[in-house]
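Each chain, written out:
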There are 2 protein chains.
Amino acid sequence: MFQEIPLRNTKITDEFWKPSIDLVRESIIPYQWKILNDLVKDAEPSHCLHNFKVAAREEEGDFMGAVFQDTDVAKWLEAVAYTLEAFPDEELERLADETIALIGRAQQEDGYLDTYFIIKEPEGRFKNLQEGHELYTAGHMIEAAVAYYQATGKDEFLKIVCKTADLLCDTFGPEADQIHGYPGHQEIELALVRLYRVTGRRQYLELAKYFIDIRGVGANYFLEEQKKRGGRGIFPEFSGYDPAYSQSHMPVRDQKTAEGHAVRAVYMYCAMADLALEYGDEALMDACKTLWDNMTGKRMYLTGGIGSSGILERFTTDYDLPNDRNYSETCASIGLALFGSRMARITKDASYMDTVELELYNNILAGIAMDGKSFFYVNPLEVWPDNCMNRTSMEHVKPVRQKWFGVACCPPNIARTLASLGHYIAFREDKRVYVNLYVSAVIDGIPGSLKIESQMPWKGRCEITRGGEGGKEMELALRIPAYAEGFAVTGRDGRPVRWHEETGYAILDEDSGSDPVILTWNMPAAYVWANPMVRADAGRVAIKKGPVVYCLEETDNGANLAGVFADTSQPPAETWEPDLLGGVVSVSVHGKRLAAGALQKKLYAAERPQLEDISLKAVPYARWCNRTPGEMTVWMKELYYV
Amino acid sequence: MFQEIPLRNTKITDEFWKPSIDLVRESIIPYQWKILNDLVKDAEPSHCLHNFKVAAREEEGDFMGAVFQDTDVAKWLEAVAYTLEAFPDEELERLADETIALIGRAQQEDGYLDTYFIIKEPEGRFKNLQEGHELYTAGHMIEAAVAYYQATGKDEFLKIVCKTADLLCDTFGPEADQIHGYPGHQEIELALVRLYRVTGRRQYLELAKYFIDIRGVGANYFLEEQKKRGGRGIFPEFSGYDPAYSQSHMPVRDQKTAEGHAVRAVYMYCAMADLALEYGDEALMDACKTLWDNMTGKRMYLTGGIGSSGILERFTTDYDLPNDRNYSETCASIGLALFGSRMARITKDASYMDTVELELYNNILAGIAMDGKSFFYVNPLEVWPDNCMNRTSMEHVKPVRQKWFGVACCPPNIARTLASLGHYIAFREDKRVYVNLYVSAVIDGIPGSLKIESQMPWKGRCEITRGGEGGKEMELALRIPAYAEGFAVTGRDGRPVRWHEETGYAILDEDSGSDPVILTWNMPAAYVWANPMVRADAGRVAIKKGPVVYCLEETDNGANLAGVFADTSQPPAETWEPDLLGGVVSVSVHGKRLAAGALQKKLYAAERPQLEDISLKAVPYARWCNRTPGEMTVWMKELYYV
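Being a predicted model, the structure only gives us computed values, none of them experimental.

A. Structural context of the sheet that holds strand β9 (residues 475-479) of chain A. All names here are of chain A. The mixed open sheet is built from six strands, whose spatial order is β1-β4-β5-β9-β12-β11. Two strands bound the open sheet, and with one partner strand each, they are β1 (3-4) and β11 (499-502). Bridge count for strand β5 (residues 432-435) against β9 is four bridges, and the pairing is parallel. When the sheet's bridge partners are listed, R432 is paired in β9 with E475.

In C-alpha cells form, the structure reads like this:
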C-alpha cells in the first residue's frame, strides 16, 4: 500500500507555486484568525469563536451564523496544521492550542460537538441530518485534528474528536436503537477513514463504511425525516427536496453518473475510494471509476470546474457545460483533486493526476487573488461583468473576487489545499517513489532524498536528483503527462536513460548513477476543441499549454469578447513576460472581431456585421482578474474556412 | 382623440389567425371554466370559485391557492366578454352572469373584494402592498367588468367594481388619513383609466394618476412597509427586496431604462401612456418614449420577448439577451403589445405597431399550442430539452408547453388577447381609419364598412374595400410595415393610387372610387443579424419573413442545433407547405454542421472537429414544438469566410 510523504519532509521551492503557498502563512491564516474572532472591521462578523465560547458557557449570547459555522474553525486549524508541519511557528501553534482547548471546553460530556445544536436546539440533535450539517462539521473537525496530530504530535485535539467519533459510532449503525441515517452533506466518511488510519481504531472505518453502504438504500432517509419534522427546515431552497442532490437517490454502487451538489459528490467519492482500498471492495472501486469517467469525461469544464448549475451548485446532464452561468465551485475542484489523488495512489494510474494537476493549475488556483486577499467561489469560463447582477439568474457569478463570504467555505479550503500541496507532488510505495507533479521541491526522509528542479508550467523540463541515505535504492516512477510530446529522460551527460511505461508512469530501469536525471518534453501552447456534443463550445476553440488553460481578458483585448474569432490556421505564439502577473508565458493568436458599423443604432437589422483584424493576447486562466476587472473568456469563437 | 372600434363590429375572417381565435371560444374558455370549478381530474385544483363561495359564506373551507388566485376568474370573464361581443352565446353568458353574481355576494359591505384577505387575513387589508396583490387583483376585476359591460350592456359587474374602486379612492391618496402607497404589481392604474373612460367618473382617473405620480418618490414605500411588518412576508424570494423589481426605485418620469419584473413594467407603462394622453402630460409621454426605446432597442429579443432573467422574471441590462435561460414571459409580451398599441394610437406613429405585430406573430402566439391545450409561460429562443432540469438554473424553462399551471396567468391572458385581436387591427379618429394589422376581417359601423382581405403573413398582399354608408368619406391610413420592401398601393385596375406618408402610415390621397385598393410589398425570407453588442448573438444569424421569426427544430434538422452553421452567401429559399403546421411557408438554407469524428470519445482534444454539409429547414417560431418535441434554435451560427 502507498505511503504518504509527510509535509515536514517536503520543502517546496517552486517559483510558480511558492508565492501562493507563502500567502497562506503570511496572509490567509492571520487574516482568517481575525475573521474567526470578528476583528475585521469591514467584514461581516463570523461569530465563529463566539459560538464556541457560548457553548462552553464562557460568554453570553446566541448562536450566530450558518448551521455549519464551526467548520470555519476546523478548516483554519487544518490549514494551520499543514503550515506548522512545514514551517514551525510557536506563536501560531499557541493560538491553535488555545482554540483547541476552547473546542474541548465546548464539547459536551458525551462527546457531542456542534455549537449550533448545543446552543440553539439541543433537543434537535441528529434529527435533521438532511440540513443540520452535524456530521459534515464533525468530519472537518476530525480532519483538522488528524492533521494537527500529524503536524505537532499533540493529541489533545485528536482525543476530542475521538470522543465525538465514539459518540457517532454509538449513535449511528444497523442496530435497532441506532439511527439508520447518513449525512446530508458528506465529509464525515472520508474523515473517519483518516481517523482510523491514524488511530487504528476499526470502528471508525466501519462507521464510514456503514454511512456509504446505507446511502440511498430503501425509502429515502431525508424524505422520511422531512415528513417526521412536518416539512419544517432550515433552508427554504430544500422545500422540494431531490434526493439526487445529496447522492442519496440510489445505492452508491449503482450510481453511474455524477449527480447533485458537486462538493457533496466528490467528498463522497473520496470516501468510496478509501473504503474500496481498505476493504478490497471491487464493486465500490468500479463505481468510483465509473463516476470518475462520467464526471471528467462528460461533466467537467476545460478548467476542471464541476457543477454546471448555479442553482443548488450541482451537476446537470452530460455535455451541459454553459460557460457563463456555471457554478464550478473552487471547493468542488478541491474535492475532485482529493478524489483523483486517491485514485492515482490506489490504481497507480498516472492519468488521474492529469486531472488533479489541471484542477490545481486552473480552477483551484483561480479561486485566490495573487495578493491572497480575495476569492472566487464560482469560476465561470466567460464573464461579462455588466450582466452579473444581483436578483437575477446570474447573481451567483461575481465578476471580481470577493473579500470573505458569510459562507466562507472556499478561502480556508484553498488555504488547506495550498498548505498541503506537498501531498500531491509525490508518494511512495516501498522503495518506489511516484513523482506526480513536477513542482520544484526538496523531499527528504523518504528514506533518501529527492530534489526536484522543474521549469513547469512554462517549460517541459525537470531535473530530479536522488540523494542521501537510501537514495541509491530509490526507484523512480515519473508521471508522463498526457500533454507531454516527446517525453524523454536523459542523464547529466545527455545520454538517454532507459525506462519503461506502467500506466502513465516512466519507471526508470537504471540505477541512480545517472542522477540528476533530466526530463524533457514539449508542450507548446496549442488549440483545443470540445466534443461537439458540448453545445456551449460548438464553433469555439480554446488555448492550453500543458496543464495551463488560457483566457482572453478585456484589459488586453478590449470589450465584447463574445464577438472575437480566432484564426486557427495560424499557430499560437508564446511570449515569456516576466513582469506580467508574476511572470507568465502569454499567448498571441491572430483573429477577427465584429465591427460595430451599421448595426450600432439598431438592435436587429438585415445587415451583416463586418469583421476586422485583431491580434489576441491570452493569459493563464488562473491569473484572470488580477488587473483591471472586465470581460473574460476561455472559449473563443473560431473562424471557419469554407 | 382616437376611437376604438368595438369588437362586435369586427368579424375576423383571417386564415392565419381565425383558428387560434376559435380555440378561445371552443377550447380555452370551456376548459378554464372547468379549471375554475376544479372539475379537471388530472390538473391541480385552482380553488378559484371555491374561494369566492367561502368569502360569500356559501361554502365552508379555507382560502386556497395563490394570493392573486381571484385574477384567474377576472381574466376568464374578460376573455368571455370579448368572445361574447363577437360571438353571442346565451349559455356562456348565463355562466358569466352567475359568476358575476357570486363575485357580488363575496364582496364586502364597503366594496372590498379580494378573497385571500377576506377569508384568510381580514386584518391584513392593504398592509402588504408589496406582495398582497390586492390592487393587481382589483385591476383585473375592473378590466373584466368594463369589457363585460361593453360586450353585454349589463352593468351589474360594473357596479361591483365601481364600489371597489370607490373604496380605493377613499383609501389611497394624499390626505393624512389615506394610505400613501401604490401597488406591488401594477395593473390597477390602467384599469382605473378604463373605468374612468366608461363611467366618466374622474376620481378613478385621478387615483390612477396618484398611483403613478407617487411611485418611487421619497423613501421606498415597500421597504418601509416591510420594516413595519417585521420583514415577514408571503414570498421568500422577496426577502432582499430590490425596489427596481417593481419599478419603484425612482419616480417614473425619471426612469430611463426598462427595469425589474417585465410584466409589472409594461402594465405600468400602459397606464403612463394613458395618463400622458388624458392629462396632456408631456413629461410622462417623454418617459414612455424613452422607456419604449430602451426596451425595444436594447432589451428585447428578436421574437419580441422581454425579461432576460429567469430569476424574478425581469429585465437585466442593455444588450443582455441570452437565448436559453431567458424568461420572455408570454404575459410580458402581451403587456408590451398593449403598451405599443396605446403608443401608436396616441402618437399615430406606425413604427410602434411593427413591434406589436412582432409580439402577436411570435412571442405571444408561441405561448399557445395549435390545439389550444397547452401553454408556454417562458419563451426561450434556444432549447436543449436535456438541460431543462428541475432544481437547476434552467428549471424555469420548459421544453414542451404545459397543461395549466398553479399560477395560471398566461393561458387566460393569451385567451383575452386573441379574443380582442380586433382591437389591434384598426382604430379610427374622426373619419380617418388607421389600419394597423393586415389581418383579414370585415369591420362595419365605423361608420361605413371596411373589408380587409390579406395574405399575411405569407405574402405581402392585401385588398381593402371601403363600403356601406359613410364608406366613401372614410380616409384610409395604411401602416407601411418596416419590413415592407416596395410598398405600393394600386386600384382594381392596377393603376397606382396616390398616397403620402405620415409617420409610417400611407395616407391615401384619392377618394374611394378606386376601391378595392390593393396593397403589395415584398417581404422575402431574409437573414437578420443582431447588434454586435448582443453577446449572445455574436457570430449568429436568424431568419425572418415579414413579422415572422423562424427557428430550426430538431425534428427537421436532427439534434445538436448548437453545432449548426448557416451559409449566408446563399439566400434562403421559401416553400409553401399547406400540410405543415396548419399551412406555413418553410425556409431552407444551406449550411454545415459539426461532425462528431475524432472527439466523440474525448471531452477535449487538440483535434479540430470537421464540418459536413447540411440543408437546414426553418419553420415559424410561433409554431415550434407542435410536432415531436426536441431541440430548437432561432439563432444559427454563421460561417464566416476569411
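B. Structural context of helix α1 (residues 18-36) of chain B. Residue and element names in this part refer to chain B. Look at α1: 26 Å from first C-alpha to last across 19 residues, which is about the 27 Å you get at 1.5 Å a residue. The largest bend in α1 is about 40°, located at V24. Turning to α1, its buried residues number three or more, namely S20, I21, D22, L23, V24, S27, I28, I29, Q32, W33, I35 and L36. Buried residues in α1 make contact with β2 (10-12), α2 (48-55), α3 (70-86), α4 (90-106) and α16 (410-419).

C. Spotlight on the UniProt feature "domain: Non-reducing end beta-L-arabinofuranosidase-like GH127 middle" (unreviewed entry) in chain A. On the UniProt side, "domain: Non-reducing end beta-L-arabinofuranosidase-like GH127 middle" (unreviewed entry) is annotated at positions that read residues 433-510 of chain A here. Helix makes up 0% of residues 433-510 of chain A and strand 49%, whereas the separation of the span's terminal C-alpha atoms amounts to 14 Å.

D. Spatial organisation of the pattern of salt bridges. All names here are of chain A. Scanning all chains against the criterion turns up 94 salt bridges over all chains. Here K348 ties to E429 by a salt bridge, and the two come within 2.9 Å at their closest N and O atoms. Note that K348 is positioned in the loop between α14 (330-347) and α15 (351-364) and E429 in strand β4 (residues 426-429), a separation of 81 residues in sequence. Accessibility expressed as a relative area gives 14% for K348, which makes it buried. A relative accessible area of 22% places E429 in the partly exposed class. Each of K18, D22, R25 and E26 takes part in salt bridges that share partners, so that together they form one network.

E. Fine view of the sheet that holds strand β8 (residues 461-467) of chain A. Residues and elements named next belong to chain A. Strand order across the open sheet formed by six strands is β2-β6-β7-β8-β13-β10, with antiparallel pairing between neighbours. Unpaired on one side and paired on the other, β2 (10-12) and β10 (485-490) mark the two borders of the sheet. Neighbour-to-neighbour, the strand axes of the sheet open up by a mean angle of 10°, direction not taken into account. Relative to strand β13 (residues 517-522), β8 runs antiparallel, the two being bridged by four bridges. Within β13, the position partnered with R461 by the bridge is T520.

Calculation rules
- Residues numbered from 1 in each chain as written.
- Chains lettered and ligands numbered in written order.
- Predicted model: local features only at pLDDT ≥ 70, side-chain atom pairs only at ≥ 80, totals over all residues.
- Heavy atoms only, no water.
- Pairing = 2+ DSSP bridges.
- Helix = DSSP H or I, 4+ residues; strand = E, 2+ residues; numbered from the N terminus.
- Expected span 1.5 Å × (residues − 1).
- Bend = angle between axes of the 7 residues up to and from the residue.
- Buried < 20%, exposed > 50% of the residue type's maximum accessible area, 1.4 Å probe, protein only.
- Contact = heavy atoms within 4.5 Å.
- UniProt positions renumbered as here; feature names shortened; annotations may be inferred.
- Salt bridge = Lys/Arg side-chain N within 4 Å of Asp/Glu carboxyl O.
- Axes fitted to C-alpha atoms, helices over the stretch in contact; angles between N-to-C directions.

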